[in-house]
Amino acid sequence: MAFARKKPATYQDLIDVPGERVAEIVDGELYASPRPSLVHALVASTLTSELVGAFGLGRRGPGGWVILVEPELHVVEQVMVPDLAGWRRERMPELPETAFAELAPDWVCEVTSPSTGALDRARKMPHYARAGVGHLWLVDPAARTVEIFQAAGDGWHLTTTFAENAKVRAEPFDAVELDLSLLWGR
């Protein structure tokens with residue numbers, strides 16, 4: 001008995017997804033995730049505030065980065081939307097005039113949730129590595145952990161895991177100390 005193979009998702013399929021969902025195409029499959037929880041949004045917003053101030057604007061930090069919330073990435077034949085992504089300014093001196101970036105970021109951060117954790121870890125992480133992303137953070141609000149990964153060949157090396165209310169210096173943003181208690185709303 002022959003099985004019909006499902007057609008790969010197209011960019012038009014992604015465009016047709018309702019605006020209240022985050023749409024991605026990974027390995028030819030369309031993923032339409034619900035908007036994140038408010039806890040997820042707080043974690044992403046707080047982390048954005050801390051990093052953009054120090055690294056995007058150079059306030060109490062070295063600057064030198066472009067950091068974006070939920071940018072659409074078109075890399076290694078995938079369409080992925082990390083929660084946060086950052087490019088060193090020397091690699092991206094000006095933002096493209098498009099709704100997406102074709103230049104792989106230097107850093108990505110995924111704030112994991114029950115509905116997206118498996119997609120982030122099993123499907124997206126390998127593509128981020130193939131695209132040449134150098135650093136990846138997985139932030140888990142439920143466990144109150146931040147896992148720091150560094151590119152290692154075609155994959156990732158977990159360099160450290162921080163938990164709870166630690167004050168941390170994490171690559172590539174280790175020039176400034178981050179207080180994790182702020183992420184959890186404390």
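On a predicted model such as this, the values are computed, not experimentally measured, just so you know.

Quick notes on the overall build of the chain
Here comes step 1: Looking only at helices and strands, the chain has 3 helices and 12 strands in total.
Here comes step 2: Expressed along its principal axes, the backbone C-alpha trace of the chain runs to roughly 60 × 35 × 35 Å.
Here comes step 3: Across the 186 residues of the chain, 45% fall into the buried class.
Here comes step 4: Contacts in the chain between residues at least 24 apart in sequence constitute 48% of all its contacts with a sequence separation of at least 6.
Here comes step 5: Summed over all atoms, the accessible surface of the chain reaches about 9900 Å², with 53% contributed by carbon and sulfur.
Here comes step 6: Taken as two groups, the 18 positive and 26 negative side-chain charges of the chain have centres that lie 3 Å from each other.

A look at the layout of surface pockets
Here comes step 1: Its volume calculated, the largest pocket comes out at about 340 Å³.
Here comes step 2: Surrounding the largest pocket, 25 residues form its lining, Pro36, His40, Val111, Ser113 and Thr116 being those nearest its centre.
Here comes step 3: The leading source of residues in the lining of the largest pocket is helix 3 (residues 117-131), at 3 residues.
Here comes step 4: Grouping the amino acids of the lining of the largest pocket by side-chain chemistry returns 10 nonpolar, 7 polar and 8 charged.

Some points on the sheet that holds strand 7 (residues 107-111)
Here comes step 1: Taken together, the 6 strands give an open sheet; going across it, the order is 3-6-7-8-9-10, and neighbouring strands pair in mixed fashion. Only two strands of the sheet have a single neighbouring strand rather than two, namely strand 3 (65-69) and strand 10 (155-163). When the angles between neighbouring strand axes are averaged without regard to direction, this sheet yields 15°.
Here comes step 2: Of the strand pairs in this sheet, strand 9 (residues 145-152) and strand 10 are connected by 8 bridges, and their pairing is antiparallel. In the sheet register, Glu147 faces strand 10, and the bridge partner there is Thr161.
Here comes step 3: Strands strand 3, strand 6 (84-88), strand 7 and strand 8 (135-140) of the sheet are contacted by helix 2 (residues 38-56), whose axis makes an angle of about 165° with strand 3.

A short note on the packing of aromatic side chains
Here comes step 1: Following the criterion strictly, the structure yields 5 aromatic pairs and no others.
Here comes step 2: Ring centres of Trp137 and Phe173 lie 5.9 Å apart, and the angle between their planes is 85°; on these two criteria the pair is classed as edge-to-face. Here Phe173 lies in the loop between strand 11 (167-168) and strand 12 (178-179) and Trp137 lies in strand 8, a separation of 36 residues in the sequence. Residues Trp137 and Phe173 agree in their burial class; the two are buried.
Here comes step 3: Put simply, the rings of Phe55, Trp65, Trp107, Trp137 and Phe173 pair up and form one aromatic cluster.

What to know about the nonpolar core
Here comes step 1: Counting residues in hydrophobic clusters, the biggest one holds 25 residues, and the most contacted among them are Leu47, Leu51, Trp107 and Trp137.
Here comes step 2: With 6 residues, the single largest contributor to this core is helix 2.
Here comes step 3: Ranked by size, the runner-up nonpolar core spans 20 residues in total, among them Met80, Leu119, Ala129 and Val133.

Rules and cut-offs
Residues numbered from 1 in each chain as written. Predicted model: local features only at pLDDT ≥ 70, side-chain atom pairs only at ≥ 80, totals over all residues. Heavy atoms only, no water. Helix = DSSP H or I, 4+ residues; strand = E, 2+ residues; numbered from the N terminus. Buried < 20%, exposed > 50% of the residue type's maximum accessible area, 1.4 Å probe, protein only. Contact = heavy atoms within 4.5 Å. Areas by Shrake-Rupley, 256 points an atom, 1.4 Å probe, with all protein chains shown as cover. Lys, Arg positive; Asp, Glu negative; His and termini not counted. Charge placed at Lys NZ, Arg CZ, Asp CG, Glu CD. 1 Å grid on protein atoms, 1.4 Å probe; cavity = no way out; pocket = protein on both sides within 12 Å on 5 of 7 lines; lining within 4 Å. Points joined across faces, edges and corners; volume = space filled by probe spheres on them. Nonpolar A, V, L, I, M, F, W, Y, C, P; charged D, E, K, R; others polar. Pairing = 2+ DSSP bridges. Axes fitted to C-alpha atoms, helices over the stretch in contact; angles between N-to-C directions. Phe/Tyr/Trp six-rings, centres within 6.5 Å; stacked < 30°, edge-to-face > 60°. Core = buried A, V, L, I, M, F, W, Y, C linked by side-chain atoms within 4.5 Å.

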